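A closer look at the structure
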Amino acid sequence: MKISPAAATPTSAVTAYKNSPSPQKTAPTAPAYEVALSEESRRRQDAQHIRHIQETTTVASNLKELPQDEGLASVQKSIAAAQQKLQDDLGESNNRLVLDTRPLESIPTSYSDGMVEALIALDFERSVGPRIGKSVHPLYPEVQEHFNTYKYANKTLSRGSLEDFRAFNLKLAGIMKAGLDETEEGRASYHISMGDYTAEEVSRATDFARTLQKAGGVFVAADFQHYKVEYATGLDFSYNGTLAKVGVKTLSFMAEHKEAMDVWTKAAQGKYADERAVKNALDEAGLKDTAAAYEDMLKGSNPGIEDKLSYTFKHEAGELWTRLAGYSKRKPKEEEAAYNALQEKIRGNDTSSLTYQSYELEDASTEGHAEKLFLAKLVGIAARPPAVFVQDKTGAFHLLPPGQEDAPAEDAENEEAVDSNPRSYADAAIKRLQEKIAGIREQNLPLEEKQKQINAIKQQILTYQNMKLQDQKTETSS
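**Looking at the pairing of strand β2 (residues 219-223)**
The side chains of a regular strand alternate, residue by residue, between the two faces of the sheet. Where burial is concerned, most of β2 is hidden: 5 out of the 5 residues are buried. Burial along β2 is two-sided: the residues Phe219, Ala221 and Asp223 and Val220 and Ala222 are all buried. Here β2 runs beside strand β4 (residues 243-247); their pairing, made up of 5 bridges, is parallel. Note that in β4 the partner of Asp223 across the bridge is Gly247.

Right under this line is the structure:
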């Protein structure tokens with residue numbers, strides 16, 4: 001059965017939602033290391049494909065930067081693929097009413113969960129690992145130190161306590177909730193304009209989500225489910241139940257029936273397995289009329305489905321959990337297996353939702369905006385020194401040591417400045433870094449600060465030692 005979309009509501013309805021009052025949000029706090037990223041910087045950083053320049057550039061003994069657009073095109077392609085997945089991933093178990101008359105072109109660019117850039121950045125940082133010291137530099141020490149809390153999360157948490165796990169789970173859920181909050185208006189405005197909901201209905205649902213969040217001790221987000229879903233109902237859970245996404249129709253109904261607040265709170269906490277369990281809970285609480293109205297709401301929102309109470313609520317790990325727990329993996333199933341192993345080690349057979357105090361949720365939400373921005377900007381020149389390459393007399397390209405990005409081209413043309421032995425670049429860099437360490441040791445600095453700087457430089461020395469080792473292996477094999 002093909003169902004035509006309802007007539008679009010007037011623009012004033014969308015404006016009404018945008019202008020509807022909402023609680024003041026605390027300004028997002030800055031991450032431990034603020035990363036500013038310009039479009040030009042993004043282009044320079046993303047273009048890390050040295051193989052391309054080796055194939056397309058003629059031999060010339062001077063400094064050359066990699067093509068600016070190639071890396072950017074690769075990232076843009078990844079973003080487009082992620083957006084396409086968002087558009088198409090309804091899931092086999094999604095039995096909501098799906099309109100097939102809405103063209104793909106109708107979806108606004110703002111319709112997302114806000115996490116595309118951060119997830120792509122995580123994948124980029126994972127894939128670039130083997131090329132560090134060859135075609136890219138390591139992250140700046142401050143950025144690396146911050147990122148290590150994510151990169152080594154699985155290893156750290158596997159040796160930690162349940163409280164450590166709870167804290168990190170809240171951190172990830174807060175980042176995800178921040179993404180949903182930042183894109184909520186775009187999704188809401190789209191569905192209002194398509195006539196799926198009135199502005200008042202969406203405002204009522206999103207306001208009640210905040211009320212339910214305080215009562216339940218878990219994040220609650222209004223769920224529109226998909227741009228082709230006309231009436232979103234039901235509950236889905238992730239991040240150990242700490243993030244509950246509740247269909248807009250369901251939330252709006254809950255807001256109009258606060259007499260069942262105890263049932264709604266337990267529902268947000270994941271106490272019920274499916275719609276039938278929610279209705280039974282209403283009946284058992286003596287709210288027969290509310291239970292009947294609840295079933296009627298489901299019937300009106302899901303025409304064509306015989307059993308209106310058959311929908312089973314989903315419980316998923318959450319994309320950030322699987323990416324980070326399985327950071328060393330390469331396939332989704334391996335990532336999920338790594339997360340499941342960690343979760344079972346820490347929590348055993350306990351699958352109940354992890355709940356938190358209201359102030360903990362508020363703090364995590366505020367921090368989430370800053371952390372999401374930090375992760376997204378891992379792809380960028382501001383996260384690591386720019387990759388500039390020098391070509392020696394043999395025609396081979398070598399990554400220029402940090403700090404020499406602006407070296408004049410004529411220096412590279414000087415035969416004395418450019419040795420045909422590739423190891424000379426690494427040797428020169430190591431020597432300069434060792435001199436830096438000697439200088440730091442003579443400075444009048446607190447011992448802790450002095451050691452921190454020395455450790456960061458030692459990490460860079462290790463990178464160039466690895467470069468030397470790789471060159472030696474190459475020479476041996478040839």
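**Some details on the confidence of the model for the protein**
When pLDDT is averaged along the protein, the result is 78; 71% of the residues meet or exceed 70. Across residues 90-95, where pLDDT falls below 50, the model places 10 contacts with residues more than four positions away in sequence or in other chains.

**Regarding the sheet that holds β4**
As summarised here, the arrangement of the 4 strands in space is β2-β4-β3-β5, forming an open sheet in which the pairing is mixed. Taken across any chain shown, the strands that pair with only one partner, and hence form the sheet edges, are β2 and β5 (314-315). Pairing of strand β3 (residues 235-238) with β5 involves 2 bridges; the strand directions are parallel. Directly across from Asp236, in β5, lies its bridge partner Lys314. Across the face of the sheet, helix α10 (residues 248-256) comes into contact with β2 and β4 while running at roughly 85° to β4.

**Structural notes on the pattern of salt bridges**
Throughout the structure, instances matching the rule amount to 17 salt bridges. The shortest N-O distance in the salt bridge between Asp123 and Arg126 comes to 3.1 Å. Taken as a pair, Asp123 and Arg126 lie in helix α5 (residues 116-128) at a separation of 3 residues, close to a single helical turn. With relative accessibility at 12%, the residue Arg126 sits in the buried group. Close ionic contact of Arg347 with Asp350 constitutes a salt bridge, the shortest N to O distance being 3.3 Å. Three or more residues joined by partner-sharing salt bridges are found here, namely Asp123, Arg126, Arg323 and Glu335.

**Observations regarding the pairing of β4**
The element β4 is extensively covered by neighbouring structure, given that 4 of its 5 residues are classed as buried. Pairing of β3 with β4 involves 4 bridges; the strand directions are antiparallel. Considered in β4, the bridge of Ser238 is made with Leu243. Between the antiparallel neighbours β3 and β4 lie 4 residues, among them Tyr239 with a positive phi of about 55°.

**Some remarks on the packing of aromatic side chains**
Inspection of every chain in the model, using the stated rule, returns 14 aromatic pairs. Taking 5.6 Å as the distance between ring centres and 85° as the angle between the ring planes, the aromatic pair formed by Tyr111 and Tyr190 counts as edge-to-face. In this pair, Tyr111 is assigned in the loop between α4 (68-88) and α5 and Tyr190 in helix α8 (residues 162-193), connecting sequence segments 79 residues apart. The rings of Tyr150, Phe165, Phe168, Trp321 and Tyr339 are connected pair by pair, giving a single aromatic cluster. The lysine or arginine in question, Arg166, covers the ring of Tyr356, its NZ or CZ lying 4.5 Å from the ring centre. Here the guanidinium or amino end of Lys249 rests over the ring plane of Tyr231, the centre of that ring lying 4.8 Å away.

**Observations concerning unusual backbone geometry**
Within the chain, Gln225 stands out as a residue other than glycine whose phi angle is a positive 70°. Examined against the element boundaries, Gln225 turns out to sit in the loop between β2 and β3. With a phi angle near 55°, Tyr239 is a residue other than glycine that sits in the positive phi range. Position of Tyr239 among the secondary structure elements: in the loop between β3 and β4. Residue classification places Tyr239 among the buried residues on the basis of a relative accessible area of 1%.

**What about helix α15 (residues 332-347)?**
For α15, spanning 16 residues, the distance from its first C-alpha to its last is 22 Å, which sits close to the expected 22 Å at 1.5 Å a residue. Inspection of α15 places Glu335, Ala338, Tyr339, Leu342, Gln343, Ile346 and Arg347 among the buried residues, and these make up the whole buried set. The buried residues of α15 occupy one face: seen down the axis, they fall within an arc of 140°. Facing away from the buried side of α15 by more than 90 degrees, the exposed set consists of Lys333, Glu344 and Lys345. Looking at the buried side of α15, the elements it contacts are α5, α7 (153-158), α8 and α14 (319-325). Gly348 sits one or two residues past α15 and shows a positive phi near 65°.

**Focus: the nonpolar core**
One broad trend across soluble globular proteins is that nonpolar side chains are buried collectively. Counting residues in each nonpolar core, the largest one holds 45 residues, and the members touching the most others are Leu212, Val220, Leu251, Val263, Trp264, Leu282 and Tyr294. With 6 residues, the top contributor of residues to this core is helix α9 (residues 199-216). In this structure Tyr294 touches Thr250, Phe253, Trp264, Glu275, Val278 and Leu282, once residues within four positions along its chain are discounted. Formed by 44 residues, the second largest nonpolar core is a distinct cluster that contains Phe124, Tyr150, Leu342 and Leu378.

**Comments concerning the environment of Thr206**
Here Thr206 lies in helix α9. Residues Thr206 and Leu251, 45 residues apart in the sequence, show an inter-C-alpha distance of 7.7 Å.

**Here we look at the packing of helix α12 (residues 275-284) against helix α13 (residues 288-301)**
Helix-helix packing is characterised by the crossing angle of the two axes and by the distance between the axes. Between α12 and α13, the shortest axis-to-axis distance is 7 Å and the interhelical angle comes to 155°. It follows that α12 is roughly antiparallel to α13 by the angle criterion. Relative to α13, α12 is oriented so that their crossing is right-handed. Listed contacts from α13 to Glu275, Val278, Lys279, Leu282 and Asp283 of α12 are Lys288, Thr290, Ala291, Tyr294, Glu295 and Leu298. Considered class by class, the residues forming the contact of α12 with α13 number 5 nonpolar, 1 polar and 5 charged.

**Side note on the environment of Thr250**
With respect to the element layout, Thr250 can be found in helix α10. In this structure Thr250 comes out as buried when scored by relative accessible area, which is 0%. Considered as a pair, Thr250 and Asp223 are 27 residues apart in the sequence and their alpha carbons are 9.4 Å apart. Excluding anything up to four places from it in sequence, Thr250 contacts Ala232, Thr233, Gly234, Tyr294 and Met297.

Cut-offs used in this document
- Residues numbered from 1 in each chain as written.
- Predicted model: local features only at pLDDT ≥ 70, side-chain atom pairs only at ≥ 80, totals over all residues.
- Heavy atoms only, no water.
- Buried < 20%, exposed > 50% of the residue type's maximum accessible area, 1.4 Å probe, protein only.
- Helix = DSSP H or I, 4+ residues; strand = E, 2+ residues; numbered from the N terminus.
- Pairing = 2+ DSSP bridges.
- pLDDT = per-residue confidence, 0-100.
- Contact = heavy atoms within 4.5 Å.
- Axes fitted to C-alpha atoms, helices over the stretch in contact; angles between N-to-C directions.
- Salt bridge = Lys/Arg side-chain N within 4 Å of Asp/Glu carboxyl O.
- Phe/Tyr/Trp six-rings, centres within 6.5 Å; stacked < 30°, edge-to-face > 60°.
- Lys NZ or Arg CZ within 6 Å of the ring centre and 35° of its normal.
- Expected span 1.5 Å × (residues − 1).
- Arc of directions from axis to C-beta.
- Core = buried A, V, L, I, M, F, W, Y, C linked by side-chain atoms within 4.5 Å.
- Parallel < 35°, antiparallel > 145°, perpendicular 65-115°, else oblique.
- Left-handed = near helix turned anticlockwise from the far one by under 90°.
- Nonpolar A, V, L, I, M, F, W, Y, C, P; charged D, E, K, R; others polar.

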